[in-house]
Amino acid sequence: MNKRIYLCLAHMSGNEQKYIQEAFDTNWVVPLGPNVNAFEEDLENFFGENNKVVALSAGTAALHLGLVMLGVKPGDEVICQSFTFCASANPVTYVGAKPVFVDSEEDTWNMDPALLEEAIKDRISKTGRKPKAIIPVHLYGMPARMDEIMAIAEKYEIPVLEDAAEALGSEYKGRKCGTFGRFGAMSFNGNKMITTSGGGALVVPDADAKKKTMFYATQAREPFPYYQHEEIGYNYRMSNICAGIGRGQMTVLDEHIEHHRHVHGLYEKAFAGIDGIELKCNPNSDFNANFWLCTILIDKEKTGFDYEQLRVALDAKGIESRPLWKPMHMQPVYKDAPCYINGTSERLFGKGLCLPAGPYVSDSDVEYIVSEIKKMCVSK
Ligand SMILES: Cc1ncc(COP(=O)(O)O)c(C=O)c1O
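Residues numbered from 1 in each chain as written. Predicted model: local features only at pLDDT ≥ 70, side-chain atom pairs only at ≥ 80, totals over all residues.

Caption draft 1: Representation of the site of the ligand in the model. Around the ligand, the structure places 14 residues, and the nearest of them are Ala58, Gly59, Thr60, Ala87 and Ser187. Counted by class, the shell around the ligand contains 5 nonpolar, 7 polar and 2 charged residues. (Near = placed C-beta within 6 Å. Nonpolar A, V, L, I, M, F, W, Y, C, P; charged D, E, K, R; others polar.)

Right under this line is the structure:
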């Protein structure tokens, strides 16, 4: 049997050790230091002008601090995309607010702008108050319809916190995901486009917002010689060791993005003639996904198998795959949350699978994965 093929494994450039060694040599073994500053600078160069970056301990921490920065308080409502990983929504509950889930549209699988506006109007009419923030997600690296979402957000004057955890390098109309909203959350978890082992960042609009985010990320310590606290803060800064990994990873970020897109291109060609398997592609040239994971929908009527049968079969052949995210409005923990649903995410959840796309996935791996799927189609 072939080696096991994973969805998206961490892949080191070889430059990471140098920065880690430097941290040890200079005894910067703390959650601040030269690597943290330089990693932020690298990210700021990547995101371009008018964007500042705060390196944090996780993408989840970035989302949490984004909500703190937006002043979301207990009892507030926050609109969140339902079709996502739980970390998009959980920080809403950390601040004592209530998530209101909005379903996806077909083209991007992300927040449906029409349903978003419907939800905002309905929440205002039901509660007498506007939702405090909107959290769209660029799922699997596919950009959400940011023009329409931003237009609605501006119309109702509700700030946007983008969950771009899966979308480092993705672009919508030539602009990088994570830079549309007031704040953008990135993740550098072990399975993401680049990794710091665990880590994340908040993309913020200016130096003042950066200063304030860092203040909340370091226990909200006031500028006194002793420890004075006038607000509640968090211990969310990135370690200087992890940031060393991040600096090394930045040297291969462009290669990683290119590789994911290359792998997607291979799947696109290979799946072209297979009836009943639909690979998710950019809806049009406005969208330039990073294809963090490549995803397919399976039409059981045509293939004779569903996503779970395929997942089990691929697993037996040494191929990791994963069902699409189970929508938040279907999660027991969120059963009482208000939701605005059109059936899209439930349908996708019932038919979809993520396929390997990471830096270790070779051309021959893609060939092998698709040939195994083809065999199943033939032998149904
Ligand atoms: C959509 C989404 N949001 C948020 C996160 C949270 O990031 P982290 O794992 O770095 O906390 C992740 C990934 O884990 C994610 O996929």
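Caption draft 2: Region of the structure containing the packing of helix α2 (residues 34–47) against helix α8 (residues 240–250). Look at α2 against α8: their axes get within 8 Å of each other, and the N-to-C directions meet at 35°. Remark: the crossing between α2 and α8 carries left-handed chirality. Residues Asn35, Val36, Ala38, Phe39 and Asp42 of α2 pack against Asn240, Ala243, Gly244, Gly246, Arg247 and Met250 of α8. Partitioned by chemical class, the residues of the contact of α2 with α8 number 5 nonpolar, 4 polar and 2 charged. (Axes fitted to C-alpha atoms, helices over the stretch in contact; angles between N-to-C directions. Helix = DSSP H or I, 4+ residues; strand = E, 2+ residues; numbered from the N terminus. Left-handed = near helix turned anticlockwise from the far one by under 90°. Contact = placed C-beta atoms within 7 Å.)

Caption draft 3: A look at the domain arrangement of the chain. Segmenting the chain into domains produces domain 1 (16–252) and domain 2 (254–378). The gap between the C-alpha centroids of domain 1 and domain 2 is 26 Å. Taken together, the contact between domain 1 and domain 2 spans 38 residues of the former and 28 residues of the latter. Counting residues per element, the ones that place at least two in the side of domain 1 that touches domain 2 are β3 (98–102), α5 (113–127) and β6 (171–172). Here the side of domain 1 that touches domain 2 takes 5 residues from β3, the largest share from any one element. (Domains from an automatic or database assignment.)

Caption draft 4: Representation of the sheet that holds strand β13 (residues 322–323) in the model. In space, the 4 strands of this open sheet follow the order β10-β12-β15-β13, with antiparallel pairing throughout. Strands at the two margins of the open sheet, each flanked by one partner only, are β10 (277–279) and β13. Pairing geometry for β13 and strand β15 (residues 352–355), over 2 bridges, is antiparallel. Across the sheet, residue Pro323 finds its bridge partner in β15, namely Leu353. In the packing of helix α9 (residues 253–271) onto the sheet, the strands contacted are β10, β12 (294–298) and β15, and the crossing angle to β10 comes to about 150°. (Pairing = 2+ DSSP bridges.)

Caption draft 5: Fine view of the sheet that holds strand β2 (residues 77–81). Pairing is parallel in the open sheet, where 4 strands are placed in the order β4-β2-β3-β14. Where the open sheet ends on each side, the last strands, each with one partner, are β4 (133–135) and β14 (339–340). Here α5 sits on the sheet in contact with β2, β3, β4 and β14, set at roughly 140° to β3.

Caption draft 6: Spatial organisation of the pairing of strand β9 (residues 200–204). When you tally the buried positions in β9, you get 5 out of 5 residues, the bulk of the element. Burial along β9 is two-sided: Gly200, Leu202 and Val204 facing one way and Ala201 and Val203 facing the other are all buried. Summarising the sheet, strand β1 (residues 52–56) and β9 pair through 5 bridges and their orientation is antiparallel. What sits directly across from Leu56, in β9, is Gly200. Bridging between strand β8 (residues 183–187) and β9 involves 4 bridges; their strand directions are antiparallel. The residue of β9 that forms the bridge with Met186 is Ala201. (Buried ≥ 20, exposed ≤ 12 C-beta atoms within 10 Å, placed from the backbone.)

Caption draft 7: Region of the structure containing the pairing of β2. Of all 5 residues in β2, 5 are buried; the element is thus mostly enclosed. Residues Glu77, Ile79 and Gln81 point to one face of β2 and Val78 and Cys80 to the other, with burial holding for every one of them. Bridge count between β2 and β3: 5 bridges; the pairing is parallel. When the sheet's bridge partners are listed, Ile79 is paired in β3 with Val100. Sheet analysis places β2 next to β4, joined by 3 bridges and oriented parallel. What sits directly across from Val78, in β4, is Ala133.

Caption draft 8: Local environment of the nonpolar core. Formed by 107 residues in total, the largest nonpolar core has its most connected members in Leu56, Val78, Ala201 and Leu202. Counting residues per element, this core draws most heavily on helix α3 (residues 59–69), at 7 residues. Residues from two domains meet in this core; each of domain 1 (16–252) and domain 2 (254–378) gives at least three. In this structure Leu202 touches Val54, Leu56, Ala62, Leu65, Gly66, Phe183, Ala185 and Thr213, once residues within four positions along its chain are discounted. (Core = buried A, V, L, I, M, F, W, Y, C linked by C-beta atoms within 7 Å.)

Caption draft 9: Highlighting the packing of α3 against helix α7 (residues 207–217). Where α3 meets α7, the closest approach of the two axes is 10 Å, and the angle between their N-to-C directions is 115°. For the element pair α3 and α7, the recorded crossing hand is right-handed. From α3, Leu65, Val68 and Met69 reach across to α7, where they touch Ala209, Lys212, Thr213, Tyr216 and Ala217. The residue makeup of the contact of α3 with α7, split by class, is 6 nonpolar, 1 polar and 1 charged.

Caption draft 10: Expanded view of the environment of Tyr236. With respect to the secondary-structure elements, Tyr236 resides in the loop between α7 and α8. You can call Tyr236 buried: it has 25 C-beta atoms within 10 Å. C-alpha separation for the pair Tyr236 and Met146, spaced 90 residues apart in sequence, amounts to 28 Å. Sequence-distant contacts of Tyr236, defined by excluding residues within four places in its chain, comprise Leu56, Ser57, Ala61, Leu65 and Ala217.

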